Amino acid sequence: MKVSAFTFIKNGQILGYPFVESIQSILTIVDEFVINVGESEDNTLSMIQSIHSSKIRIIKSKWNDTMQERGFVYGQQKMIAQYNCTGDWAFYIEGDEVYHESELEQIRQSMKVHLNDSNVEALVFDYYHFYGNSNSYLNSPGWYRSEARIIKNSVRSYSPDGLFWLVLDSNKKGRYPRAKHTGAHCYHYGWVRSEEQMNLKSKKVKKYWGENHKKN
């Protein structure tokens, strides 16, 4: 079994993403890690290059700043990374997500168990959304409580808006993948930043969502 991980990141340092810790949190259980690094205004690229691992494969990209429809540029950059994965499984992780070392073997074992099960196309995690600080998390129906983050690389999938979606025919008809729960958790730190970093992130993100779109 070969496991690929993939992510994309741009301006991770100045926007306060714990992307180095994110990458390192699952590095031991994957065979390759594809990282799509957008042209940045900080040391994001050099920080990733400082992670000494032969598993890491870096792709450099330049974002299309004229693509301002519903954040589709994020889906585009995500798919650039996913389409370069060569493993049996593709493990997607965002730059503000971390996995605990105590559950890594459980995650890899889940991939082994379901590798040859044609009824399982993806694997799901429960989420802890930390808010304000690393000791407080939200437990609300308004925040997604579980999410598929690992998908079989043998199925035809795409994820322009975050969720994986399987393409069934040339008319773009599709469905969500059939999934099993890993029993493990993803720790999301996207709302644990300084006020300055949150304001800067809002400013940087806004232009990719259109002038009239409100994004939290």
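Just above, that's the structure.
The text that follows walks through the structure, step by step, so that each part is easy to find.

Rules behind the numbers
All residue numbers refer to positions counted from 1 along the written sequence of the respective chain. Given that the model is predicted, a residue must reach a pLDDT of at least 70 before its local features are reported, and side-chain atom pairs must reach 80 or more before they are shown or counted; all residues, however, enter totals for whole chains, interfaces and linings. Neither water nor hydrogens contribute to the side-chain values; these are computed over all heavy atoms in the structure. With a 1.4 Å probe rolled over the protein chains alone, any residue whose accessible area is under 20% of its type maximum counts as buried; one over 50% counts as exposed, and the rest are partly exposed. In this text, helices come from DSSP runs of H or I with a minimum length of four residues, and strands from runs of E with a minimum of two, each type numbered from the N-terminal end. Two strands form a pair only when DSSP identifies at least two bridges running between them. Crossovers are described as right-handed under a simple rule: with the strands pointing away from the observer, the path leading from the first strand over the helix to the second runs clockwise. Any carboxyl oxygen of Asp or Glu within 4 Å of a side-chain nitrogen of Lys or Arg constitutes a salt bridge here. Two residues qualify as a contact provided that any one of their heavy atoms is within 4.5 Å of a heavy atom in the partner residue. Take the buried residues of types Ala, Val, Leu, Ile, Met, Phe, Trp, Tyr and Cys, join any two whose side-chain atoms come within 4.5 Å, and each joined set is a nonpolar core.

Moving on, we get to the pairing of strand S1 (residues 3–9). The two faces of the sheet receive side chains in turn, since in a regular strand these alternate between them. Most of S1 sits inside the fold, with seven of its seven residues counted as buried. Both faces of S1 are covered, namely the face carrying Val3, Ala5, Thr7 and Ile9 and the face carrying Ser4, Phe6 and Phe8. Of the strand pairs in this sheet, S1 and strand S4 (residues 89–92) are connected by four bridges, and their pairing is parallel. For Ala5, the partnering residue across the bridge sits in S4 and is Phe91. Sheet topology places S1 next to strand S2 (residues 32–38); six bridges connect them, and they run parallel. Residue pairing across strands places Ala5 opposite Phe33, the latter belonging to S2. One crossover worth recording links S1 to the parallel S2 by way of helix H1 (residues 19–26), and it is right-handed.

It is worth spelling out the pattern of salt bridges at this point. Summed over the entire model, instances satisfying the criterion amount to eight salt bridges. Across the pair Glu39 and Lys62 runs a salt bridge whose closest N-O atoms are separated by 2.9 Å. Note that Glu39 is positioned in the loop between S2 and helix H2 (44–49) and Lys62 in the loop between strand S3 (56–61) and helix H3 (72–82), a separation of 23 residues in sequence. Overall, Glu39 belongs to the partly exposed group, its relative accessible area being 49%. With relative accessibility at 62%, the residue Lys62 sits in the exposed group. A salt bridge links Glu97 to Arg149; the shortest N-O distance between them is 2.8 Å. Taken together, the residues span a long stretch of sequence, with Glu97 in strand S5 (residues 97–98) and Arg149 in strand S8 (residues 146–152) at a distance of 52 residues. Taken as a pair, Glu97 and Arg149 share a single burial class, namely buried. By sharing partners, the salt bridges in this structure join Glu94, Glu97 and Arg149 into a single network.

Within H3, the full set of buried residues consists of Val73, Gly75, Gln77, Lys78, Met79, Ala81 and Gln82. Where the residues of H3 are buried, they touch S1, S2, S3, S4, S8 and strand S9 (157–158).

What follows is about unusual backbone geometry. Its identity is not glycine, yet Asn11 carries a phi of approximately 55 degrees, on the positive side. Along the chain, the position of Asn11 falls in the loop between S1 and H1.

All right, on to the nonpolar core then. Ile26, Phe33, Phe91, Tyr99, Ile107 and Phe125 are the most contacted members of the largest nonpolar core, which has 30 residues in total. When residues of this core are traced back to their parent elements, those giving at least two are S1, H1, S2, S4, helix H4 (104–114), strand S6 (122–131) and strand S12 (179–191). No other element matches the four residues that H1 contributes to this core. Contact partners of Ile107, with chain neighbours within four places excluded, come to Ile29, Phe91, Tyr99, Phe125, Ile150 and Ala184. Ranked by size, the runner-up nonpolar core spans 20 residues in total, among them Phe8, Trp63, Ala148 and Phe164.

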